[in-house]
Amino acid sequence: MKTKNNQIFLHIILLILVIITLFPIFFALSNSFKTLQESFNSVLSLIPKEFTIDNYKYVFSRLPLFKIIVNTFVIAFIVTMVKIITSVLASYSFVYFEFKGKNVIYLIFLTTMFIPFTVTMIPNYLIVSKLNLTDSIWGVMLPQFADVLGIFLLRQSMRTIPKSIIEVSKIDGVSDLRILKDIIMPIIRPSIISTAIIFFINSWNEYVWPVLIISTKEHYTLSLALQMFISSEGGTEFPVAMAVSVITMIIPLILFIIFQRHIISTFISSGIK
C-alpha cells in the first residue's frame, strides 16, 4: 500500500512537471490565434473566443517569411551534417587510433564545453569579418562546424563496440574508412540520428551569433524575425509575436517527437561502456 501511494505521488509530480513544460507551447499557440484585444484581456486563456489567422497573414505580408524559413533550414541542415561528419571522424580517431597524448587532447576538447560563448564570440567575429562573410549565412555556419558534444556522445557509443571486430577487419585488409562506413556507423546509427537532431534544434534556435553577423532581412533566421517583433512591436503586436513563435517551434518539435526515443537512449548510454 505504501509503495502504491509513493507511485501515485510520483505520478502526480510528473504530471505537474509535464503541465509546466507544455504550458508555454499551448500559451503561444493559443495567443497566436487571438485578436489583439482578446490577447490582452485574457492572455492566460488557452481557448480563443474569436479564432483568427490574421496574425499569420500579417507575418507573411510583413516579412519574406518563406525566405527566412529556407535560410534557417539551410543553416541548420548544413551545420548539422558537417558537425556529424567531424564528430564521427574525431570519435573514431579517439577510440580506435593510438597516438601520443590522445587522452590529454580529448580532455582539452572536453574542457571547451565549459568555455562561455562570450569568450569565443569576439575572435570568431573577427575571423568571419576578415573573410568578408558578415551578413551571410556562411558567416553564421562557419564557426559551428565542429562540436565537442557530438564527439563526446559518439565516442561513448563507439566504445561499446568490441575492438576485436575492428582488429579482425584490419587483419583482413579492410581500410579505416570502410570499417567506419560498413561496421561502425550502422551499429551507432541511433546515436548519430539523435545527435543530429540535437545539433539541428540547437542551430535552428540559435540567436546570439546570427544577430551579430546578419543585418539584412533577406538573410534573417526565424529567431531574428521573432526578436524583431518582440523588441520593436512586442507591446502592440503580441499575438503576431506568438504567431512567429509557433512557426519557429514547429519543425524542431516535430523532429524531437519523431526521434525522442533515439535522443533519450543516447544520453542514457553515453555514460555506459
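Under an unreviewed UniProt entry, the protein chain has the name Inner membrane ABC transporter permease protein ycjP and belongs to Peptoniphilus lacrimalis. The annotation that UniProt attaches to the protein chain under Subcellular location (unreviewed entry) is "Cell membrane". Comment text from UniProt for the protein chain, heading Sequence similarities (unreviewed entry), reads "Belongs to the binding-protein-dependent transport system permease family."

Colleague: Break down the UniProt feature "transmembrane region" (unreviewed entry) in the protein chain for me, with residues and values.
Modeller: The sites that UniProt annotates as "transmembrane region" (unreviewed entry) are residues 12-30, 68-92, 104-125, 137-154, 187-204 and 238-259. Between the C-alpha atoms that bound residues 12-30 there is a distance of 25 Å. The span itself is 100% helix and 0% strand. Helix makes up 100% of residues 68-92 and strand 0%. Its end C-alpha atoms lie 36 Å apart.

Colleague: Could you give an account of helix H10 (residues 176-187), naming the residues involved and the relevant values?
Modeller: Every α-helix winds through 3.6 residues per turn, so residues three or four apart in the chain are directed the same way. Taking 1.5 Å as the rise per residue, H10 with twelve residues should run 16 Å; its terminal C-alpha atoms sit 15 Å apart, in good agreement. Taken residue by residue, H10 has Ile179, Leu180 and Ile184 as its buried positions. Angularly, the buried residues of H10 cover 95 degrees about the axis, an arc narrow enough to put them on a single face. In H10, the exposed positions angled more than 90 degrees off the buried face are occupied by Arg178 and Lys181. Buried residues belonging to H10 abut helix H4 (65-96), helix H8 (148-158) and helix H9 (163-171).

Colleague: Which residues make up the pattern of salt bridges, and what values do they have?
Modeller: Two side chains bearing opposite charge may form a pair once their charged atoms approach each other closely. Counted according to the given criterion, the structure contains five salt bridges. In this structure, Asp182 engages Arg178 in a salt bridge whose closest nitrogen and oxygen atoms are separated by 2.3 Å. Of this pair, Asp182 and Arg178 both sit in helix H10, four residues apart, roughly one helical turn. Note on Asp182: relative accessible area 36%, which makes it partly exposed.

Colleague: Outline the packing of H4 against H9, listing residues and values.
Modeller: At a minimum axis separation of 12 Å, H4 and H9 run at an interaxial angle of 95 degrees. Taken together, the axes of H4 and H9 are roughly perpendicular relative to one another. Between H4 and H9, the contacting residues are Tyr92, Val95 and Tyr96 on the first element and Lys163, Ile166 and Lys170 on the second. Along the lines of polarity and charge, the residues of the contact of H4 with H9 split into four nonpolar, no polar and two charged.

Reading guide: rules and limits
- Residues numbered from 1 in each chain as written.
- Predicted model: local features only at pLDDT ≥ 70, side-chain atom pairs only at ≥ 80, totals over all residues.
- Heavy atoms only, no water.
- UniProt positions renumbered as here; feature names shortened; annotations may be inferred.
- Helix = DSSP H or I, 4+ residues; strand = E, 2+ residues; numbered from the N terminus.
- Expected span 1.5 Å × (residues − 1).
- Buried < 20%, exposed > 50% of the residue type's maximum accessible area, 1.4 Å probe, protein only.
- Arc of directions from axis to C-beta.
- Contact = heavy atoms within 4.5 Å.
- Salt bridge = Lys/Arg side-chain N within 4 Å of Asp/Glu carboxyl O.
- Axes fitted to C-alpha atoms, helices over the stretch in contact; angles between N-to-C directions.
- Parallel < 35°, antiparallel > 145°, perpendicular 65-115°, else oblique.
- Nonpolar A, V, L, I, M, F, W, Y, C, P; charged D, E, K, R; others polar.

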